[in-house]
Amino acid sequence: MLKKKKLENGLRIILAPQKGSLTATALVLVEAGSEYETKEINGLSHFLEHMCFKGTSKRPKAGMISEELDALGAEYNAFTDQQYTGYWAKVEKNKLPQALELISDLYINPIFNQEEINKERGVVIEELNMYEDTPMRRVGDYFNHVVFGEQPAGWDVGGTKEVIAKLNREHFIEYRLKHYVPGKTIVVISGNFSEAKVLKEIKKHFGSLEKRPIVKKQPTKVNQSEPKIFSKHKESEQDHFIIGFPGINVFDKRRYALSVLSNVLGGGMSSRLFKKVRDEMGAAYYVRSGADFAVDHGIFAVSAGTAHTKTKAVIEAILAELVRLKTEPVPKDELKRAKDSMVSSLVLGLETSDQLANFYGGQEVLAGKTASPAEIMKKIRAVTARDIQRVASDLFKTKYLNLASIGRFKEGDLKPLLALD
């Protein structure tokens, strides 16, 4: 049974037992991502995540933490999003205390050695270069900027090479002191473990952290009144594009209807877009839709990689399917199939301790509360065809349309297509 606790300093704890599991996972999440940055330090959250592995007061040499985690046979990593950063390790259940100590050490005691910062700077810049050379990935950054513009939600999580080149030790220390505080931190333990023992370990490692003020992120504002477009010209074999709308936040009751809509539209090989664009038109290898829900904003988007000669036709086909979702109820059998698929995916996605940790931790860090798999399944099952039409009518309007592309087109070539009327 899931249990949630809070230490006196404000740190939240989630315990998600998994009877019979051979593994356990320790995940530390902190409400600090690119949306907590200013333009002058954009990319620092992600860079800092890298640096936490590069030496602590207990393990001062770069590589020591990774060596110990490898010796445990752990699976481990870290990640940075727009609104949070996470550090995790999955191990055999009997090795959880060691894994938790290591993850707590890199989170609590990084030293930010300037020499290591200078070395890792090159690694971070090469990561940015890698994404720049991966249009299927890079076009998502462009799309966020089209939708949200010059505010943190519209900036790249990784920042820019120009900013990364200027960041120094003082930036890391100041940012961490401001945002890596107990009241913005969640420790999630999942898998097979002793509750009493793990609570004792968490209190030992995190209980002495000083309670400090909580700094909120800058609110995200969306005020769109006409279609927007950005095209990056590139002489490539494919055009990669994302077309979509400002969405809804994680607290919006319509989120389940929008999620089911997304599954109907582009959620798998039996979805409408897959059948239309790939099977009928033979115009793309990948085409999919997705809804992202954040604290105070969201996105609904369709992405595809298409043959240049077929890009315009594919965009027109996508827009036609969006209109269809507004004007025609989803048939009963199709709706049932989509909901069954989502429920099954949810169940399959919670088989391992690391997946379970992310399931509960991700909810807590964004919404400040958690729903059980059964509760979420119930809400998915409750979505009606009318619910889908309503949310489609609310969001899918010409004035809210956005398009980002990488390929041979220029902005003027595609803008006339952006209409749903």
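The present account deals with the structure reproduced in this document. Counting from 1, residues in each chain are numbered in the order their sequence is written. Totals for whole chains, interfaces and linings use all residues, but because this is a predicted model, local features are given only for residues with pLDDT of at least 70 and pairs of side-chain atoms are given and counted only at 80 or more. Excluded from the side-chain calculations are hydrogens and water; all other atoms, namely the structure's heavy atoms, are used.

**Here's the deal with the side chain of Asn 9**
Stage number 1. Only DSSP runs of H or I reaching four residues or more are called helices, and only runs of E reaching two or more are called strands; each is numbered from the N terminus. Mapped onto the elements, Asn 9 comes out in the loop between β1 (3-6) and β2 (12-17).
Stage number 2. Polar side-chain contacts of Asn 9 include one of 3.0 Å to the backbone oxygen of Phe 206.
Stage number 3. Counting of polar contacts relies on pairs of N or O atoms within 3.5 Å, with two restrictions inside protein: one atom must be capable of donating a hydrogen and the other of accepting it, and residues adjacent in sequence are counted only when both atoms are side-chain atoms. Of note is the side chain of Asn 9, whose polar atom sits 3.1 Å from the backbone oxygen of Leu 209.

**Describing the environment of Val 198**
Stage number 1. Its location among the elements puts Val 198 in helix α8 (residues 195-206).
Stage number 2. Note on contacts: a residue pair is in contact if any heavy atoms of the two residues lie within 4.5 Å. Every residue in contact with Val 198, bar those within four places of it in the chain, is listed here: Leu 15, Leu 96, Leu 100, Ile 189 and Phe 193.

**Some remarks on the sheet that holds strand β11 (residues 402-407)**
Stage number 1. Only when DSSP finds a minimum of two bridges between them are two strands counted as paired. Ordered in space as β7-β11-β8-β10-β9, the five strands form an open sheet in which the pairing is mixed. The open sheet has two edge strands with one neighbour each: β7 (228-233) and β9 (284-293). Strand-to-strand twist across the sheet, computed as the mean angle between neighbouring axes with direction ignored, equals 10°.
Stage number 2. Examined bridge by bridge, strand β8 (residues 238-246) and β11 share five bridges and lie antiparallel to one another. Its bridge partner being in β11, His 240 is matched across the sheet by Ile 406.
Stage number 3. Comment: axis = line fitted to C-alpha atoms, over the contacting stretch for helices; angle = value between 0 and 180 degrees taken between N-to-C directions. Seen against the sheet, helix α9 (residues 255-266) touches β9 and β10 (298-307) and runs at an angle of roughly 180° to β9.
Stage number 4. Contacts between helix α10 (residues 272-280) and the sheet are confined to β9 and β10, with β9 contributing the most and set at about 155° to the helix.

**Some remarks on the pairing of strand β5 (residues 85-92)**
Stage number 1. Extensive coverage of β5 is indicated by the burial of seven of its eight residues.
Stage number 2. Both strand β3 (residues 23-30) and β5 contribute to a ladder of eight bridges, which runs antiparallel. Of the residues in β5, the one forming a bridge with Val 30 is Thr 85.
Stage number 3. When strand β4 (residues 75-80) meets β5, the two strands line up antiparallel, connected through six bridges. Bridge pairing in β5 links Asn 77 to Trp 88. Burial classes follow relative accessibility: with a 1.4 Å probe on protein chains only, a residue under 20% of its type's maximum area counts as buried, one over 50% as exposed, and anything between as partly exposed.

**Notes on helix α5 (residues 135-148)**
Stage number 1. One less than the number of residues in a helix, times 1.5 Å, gives the span that helix is expected to have. For α5, built from 14 residues, the straight-helix expectation of 20 Å at 1.5 Å per residue is met to within 8% by its first-to-last C-alpha distance of 20 Å.
Stage number 2. Burial analysis of α5 places ten of its 14 residues in the buried class, the great majority of the element.
Stage number 3. Against α4 (114-132), β7, β8, β10 and β11 lie the buried residues of α5.
Stage number 4. Once α5 finishes, Gly 149 follows within two positions and takes phi at roughly 65°, a positive value.

**Quick word on the nonpolar core**
Stage number 1. In terms of nonpolar packing, the biggest core is built from 68 residues, with Ile 243, Leu 258, Leu 261, Phe 300, Leu 322, Leu 325 and Phe 396 touching the most fellow members.
Stage number 2. Those residues in contact with Leu 261 that sit more than four places away from it in its chain are Phe 300, Leu 325, Ile 388, Val 391, Ala 392 and Phe 396.
Stage number 3. Only buried Ala, Val, Leu, Ile, Met, Phe, Trp, Tyr and Cys residues count toward a nonpolar core, and they belong to the same one when joined by side-chain atoms within 4.5 Å. Residues Val 28, Val 30, Leu 199 and Ile 202 belong to the second largest nonpolar core, which totals 51 residues.

**Section: the sheet that holds β3**
Stage number 1. The strand order β1-β2-β6-β3-β5-β4 describes an open sheet built from six strands, whose pairing is mixed. In this open sheet, the two strands that pair with only one neighbour each are β1 and β4. Taken pair by pair, the neighbouring strands of this sheet meet at an average axis angle of 15°, ignoring direction.
Stage number 2. Sheet topology places β1 next to β2; four bridges connect them, and they run antiparallel. Paired with Lys 6 across the bridge in β2 is Arg 12.
Stage number 3. Its contacts with the sheet place helix α3 (residues 96-108) against β3, β5 and β6 (185-191), and it is angled at close to 160° to β5.
Stage number 4. The strands that helix α13 (residues 353-367) touches are β1, β2, β3, β4, β5 and β6; relative to β3, the one it contacts most, it runs at about 25°.

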